[in-house]
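Chain by chain, the residues:
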4 protein chains.
Amino acid sequence: MRKLLLVFAASLLCVAANAGKILTDSLYSSVLGRQMRFNVYLPDGFGRDASERYPSVYLLHGLYGNYTDWNKLGNMKPVVDELIGTGEACRMVIIMPDAGGKDIHKVHNGYFNVPGWSYEDFFFSELMPYAESKYNCFSDKSHRAIMGLSMGGGGSAVYAQKYPELFSSCYAISAWLDQPDFDQKGKSMPEDCYYWTCRSVRENSALDYVDKASAAQLDALRGVRWFLDCGDDDFLLQLSMDLHMKMKAAGVKSELRVRNGAHTWEYWHTALRLALPFVSDGFGRQN
Amino acid sequence: MRKLLLVFAASLLCVAANAGKILTDSLYSSVLGRQMRFNVYLPDGFGRDASERYPSVYLLHGLYGNYTDWNKLGNMKPVVDELIGTGEACRMVIIMPDAGGKDIHKVHNGYFNVPGWSYEDFFFSELMPYAESKYNCFSDKSHRAIMGLSMGGGGSAVYAQKYPELFSSCYAISAWLDQPDFDQKGKSMPEDCYYWTCRSVRENSALDYVDKASAAQLDALRGVRWFLDCGDDDFLLQLSMDLHMKMKAAGVKSELRVRNGAHTWEYWHTALRLALPFVSDGFGRQN
Amino acid sequence: MRKLLLVFAASLLCVAANAGKILTDSLYSSVLGRQMRFNVYLPDGFGRDASERYPSVYLLHGLYGNYTDWNKLGNMKPVVDELIGTGEACRMVIIMPDAGGKDIHKVHNGYFNVPGWSYEDFFFSELMPYAESKYNCFSDKSHRAIMGLSMGGGGSAVYAQKYPELFSSCYAISAWLDQPDFDQKGKSMPEDCYYWTCRSVRENSALDYVDKASAAQLDALRGVRWFLDCGDDDFLLQLSMDLHMKMKAAGVKSELRVRNGAHTWEYWHTALRLALPFVSDGFGRQN
Amino acid sequence: MRKLLLVFAASLLCVAANAGKILTDSLYSSVLGRQMRFNVYLPDGFGRDASERYPSVYLLHGLYGNYTDWNKLGNMKPVVDELIGTGEACRMVIIMPDAGGKDIHKVHNGYFNVPGWSYEDFFFSELMPYAESKYNCFSDKSHRAIMGLSMGGGGSAVYAQKYPELFSSCYAISAWLDQPDFDQKGKSMPEDCYYWTCRSVRENSALDYVDKASAAQLDALRGVRWFLDCGDDDFLLQLSMDLHMKMKAAGVKSELRVRNGAHTWEYWHTALRLALPFVSDGFGRQN
């Protein structure tokens, strides 16, 4: 009896012994004029060796969401623990920022600058330096990656397009890469946050970026490892397919996967098993 | 703007339109002398055609658990919806019974009869007829399967051994198939429910069953499709490997998979993607 | 020593015992005016019970290829044996017809009627009745499927569009679904067989078919289970993506997978693991 | 017409452009007194930069086989090309030595020293230095791995046990890790090469090695990344399961996978998709 209980208990401890942890942290943003929270995944043994440096991954949530989504709804922790445990992913710090909230008309959702809410500035000038310094991250391109779902998939792709010198890999899931039908003419809804989300997605179109890129910009895109992953029943599928084909035509290598599924957390949860090895394989490489 | 909102809304509806539902139901058990709850998954469109009959799958929880586990912790619903949507699993009714609770010393956990708690009798004489009748299930072996995790994996295997005329397939995950070190000598703990759980696992050993089976019993085992699935870091792994080898040696075909993982919900969640097509492929067959 | 040798030998026998076989057969085609060969996969135990009927799958080769390709280059046999062994695919007869040859300018490649070579007529009026009768196949839609690669992927899709009453499932791999840039004006190459291959692909465009389909035709398409599978580096990828989106827009459900890979036999070999369970899941269903 | 032909041709070139190549090389072995052939896979662009160094992987064939098996029967090339193309495996040199032949009674099969045929000496003192020097390989443990199938799976495991300072990872497939029933008493068959193969497998038992290992030897085993992969219908399965459990009990971490399959080339072909990322993830690590 005692033996069995010990075995069951030991098994629980054993699992715990290989597990990373998720913390909630925050920083005051002068750009946004408020305290901004984020979650951070730290691998097992983080900080034991004070001189150890970690690659960083930014993991972005979608519309209506916040910094807790990937943990609570995406259940990312056991997958990350497992992949690090086998070596399929290397030990890494995963930063899950906050760029939204449920009430999309009253709260700013999105990763781009809009009047009165310069989120992109916050991300690069405040969040990134704060988190990477505090959590012992490398600070070079070759040890940094970005990924996200839906609105955060679009954010990932556009950030990596605009700042290819900062990210070695980009993994965009079910990505909202453009809002083709957006027409701002005659609109006057400065009060509606969601109007600005859509407008900023249109104005930061990842598709337009490739169409209009200079030779130098295209060359810079070749220095990022691209991966687009979208479900065959996802209402945003056309966007990922279009971006893949545009990049291909422009000589920018990208991976595309269309797996079974729609715009769901089960799809995003399973995407982690592809995404983390992919970004991990890119860390420390010279392009 | 309006268009985009409609698209986002439509996408949510679209997902909803393909989805089954989970109900909580209960029945009064004369055997156990109390009301017994269970969850049941019904596929999309269940009951629309009153004459439609469904295959049934019994999905058993583990020690410390209850009938809500597979839904709440195993997040089974999106996986089942998806597999039925593609046709990888057929439309089926999934019954998730209750055989436990957190306080394992004060509450009976387990699928076997112990003094004062004849769970096995309840299962076959009360739960099965009630659920299958109420939810329009076929009532023959060829349309019934059983699966479960840990204690429920053991329960599945032993039920299918003892009642091979009732189940076409058995899928046992991380299965507690025996308690080899259990020694009842000199024990006197009739008050401790967990003592009885362990003792019943020992006395209903799935390994002993194969060792001691008559030719007729072995032949009956060949009429069930067996699948054992256990993680390479699971503390119960030896049991699944032993059962596979014993059955093989006895001429009983079984599938064995050792995937990456331990005794965790992430393992059991991913097992559903193998399990449901497997049991589904067996429905309606003549062995 | 003797024991070990026996074990090694037994293992080889054991593998052999579960294996189907591939035969080469032929029939005289009055339509084409010549003997036409094909390969056929028969599952283990085929014919043991003379009354057993089998579902049939047509497995089509690509440009430059012939009836031996799927066996010799696609190495289909061990995959089929394995999937039938586990029950992931049901026992089935797989017919691999001949529609080509290496010298594409002098030999007709393709699945459509062209002047002097009415391959489509041969397929439906001669090959299908001959093979299904000789190899004990069911003769109804619900037990017949079609699949193929490249030119054969296009052939599969178009046959299933034009004869939805004959096929329960269609699995098109790396499919050549149209030849958009084909321009026949001013061309006069009746001697060049490849000219006619391209022209027939253009005139039998699977994309045009959906665009121009009547309501009744669309409804008939809904009675086929569609699966499109194409590599992200395949030069034909756009065609599969377009067909998927057109069918979706028209309310015809289809599966799309974009996996890693190009126009290669390794891609097609691995496609079998998805394709055979898919077509198998559709056999015997009422749509 | 011309356009299409160009597209088809371009696609073939495109595939070719990403492909590595396989060469046959040989060296004279003073130890064995004869010329010894081997195959070597070189990644695309090998040698373009003369200063580039590559990790090395030793890929061992099985009983009855030779150095051409993994290429001809295992069709390893397209899988390696693909995995390197996506980054799932890094650029590496794969050395496929020769340790056998079809006539197992007249030709020495095996990776261990036997009277008159000191293969193990040849491997470490002649083949390894020759191949690694000629093909620009790193020469440290952290950039060297070993893998193989059946007899070569056993060879891989035992080599990595005996020389843990030389290999960062070991991936053993369907491994012949011991010959438990071998009894040399009263045998006098010095003429029979196969007798010596079996005897050497018994005397170099990977299972015994763990049982008898000193604390220092166990600690050295912890410096190798272990992966055992064996089919659930493989007649050698018990050996892989036993080694996994023994290592686990001894505190040596190892991965075990039991996938569907038997002792077949299809199993070994698919194993490459797991094996190459695994060994690749270990290159350059400090244990």
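Look up a bit, the structure's there.
Caption draft 1: Representation of the overall build of chain A within the structure. Tallying secondary structure elements over chain A gives 10 helices and 10 strands in all. The C-alpha extent of chain A, read off along each of the three principal axes, is 75 × 40 × 40 Å. Counted over contacts in chain A with a minimum sequence separation of 6, partners at least 24 positions apart contribute 74%. As presented, chain A carries roughly 10,800 Å² of accessible surface, and 53% of it is formed by carbon and sulfur atoms.

Caption draft 2: Focus on the packing of aromatic side chains. Residues and elements named next belong to chain B. Here the structure, examined in full by the defined rule, presents 86 aromatic pairs over all chains. Between Phe182 and Tyr195 the ring centres are 5.6 Å apart and the planes differ by 50°, which places this aromatic pair in the tilted class. A residue pair is termed long-range when its members are at least 10 positions apart, and Phe182 in the loop between strand E8 (169-173) and helix H6 (193-203) and Tyr195 in helix H6 qualify at 13 residues. Summarising the burial analysis for this pair, Phe182 and Tyr195 share the class buried.

Caption draft 3: Quick look at unusual backbone geometry. The phi angle at Ser150 of chain A is positive, at roughly 55°, despite the residue not being glycine. With respect to the helices and strands, the residue Ser150 of chain A is situated in the loop between strand E7 (144-149) and helix H5 (151-162).

Caption draft 4: Looking closely at the relation of the copies chain B and chain D. Once chain B is rotated about the relating axis by 180° and shifted along it by 0.0 Å, it coincides with chain D to within an RMSD of 0.0 Å. Expressed as an axis order, the relation between the two copies is that of a two-fold axis. Scanning chain B for the C-alpha nearest the rotation axis identifies Val258 of chain B, at a separation of 2.3 Å. The overlap is high: 100% of the interface residues of chain B also sit at the interface in chain D, so the same surface is used on both sides.

Caption draft 5: Molecular detail of the side chain of Gln179 of chain A. All names here are of chain A. For Gln179, the location among the structural elements is in the loop between strand E8 (169-173) and helix H6 (193-203). For Gln179, a relative accessible area of 4% puts it in the buried group. Here Asp181 takes part through its side chain, which lies 2.7 Å from a polar atom of the side chain of Gln179.

What counts, and where the lines are drawn
- Within every chain, residues take consecutive numbers counted from 1 along the sequence as written.
- Lettering of chains starts at A and numbering of ligands starts at 1, both following the order in which they are written.
- Confidence filtering applies because this is a predicted model: local features only for residues at pLDDT of at least 70, side-chain atom pairs given and counted only at 80 or more, and all residues used for totals across whole chains, interfaces and linings.
- Computation of side-chain values covers all heavy atoms of the structure but excludes hydrogens and water.
- Numbering of helices and strands runs from the N terminus; a helix is a DSSP stretch of H or I covering at least four residues, while a strand is a stretch of E covering at least two.
- Pairs of residues are marked as contacts when any of their non-hydrogen atoms sit within 4.5 Å.
- Methods summary: accessible areas were calculated by the Shrake-Rupley approach with a probe of 1.4 Å, and residue burial reflects only the protein chains presented.
- Geometry of aromatic contacts follows a simple scheme: Phe, Tyr and Trp rings, the Trp one being its six-membered ring, pair when their centres are within 6.5 Å, and the pair is stacked under 30 degrees between planes, edge-to-face over 60, tilted otherwise.
- Buried means the residue's accessible area, taken with a 1.4 Å probe over protein chains only, is under 20% of the maximum for its type, while exposed means over 50%, and partly exposed covers the values in between.
- Superposition of the copies was done by least squares, using only C-alpha atoms of residues whose pLDDT is at least 70 in both.
- Polar contact is defined as a pair of N or O atoms within 3.5 Å, subject to the rule that within protein one atom must be able to donate a hydrogen and the other to accept it, and that residues adjacent in sequence are counted only when both atoms are side-chain atoms.

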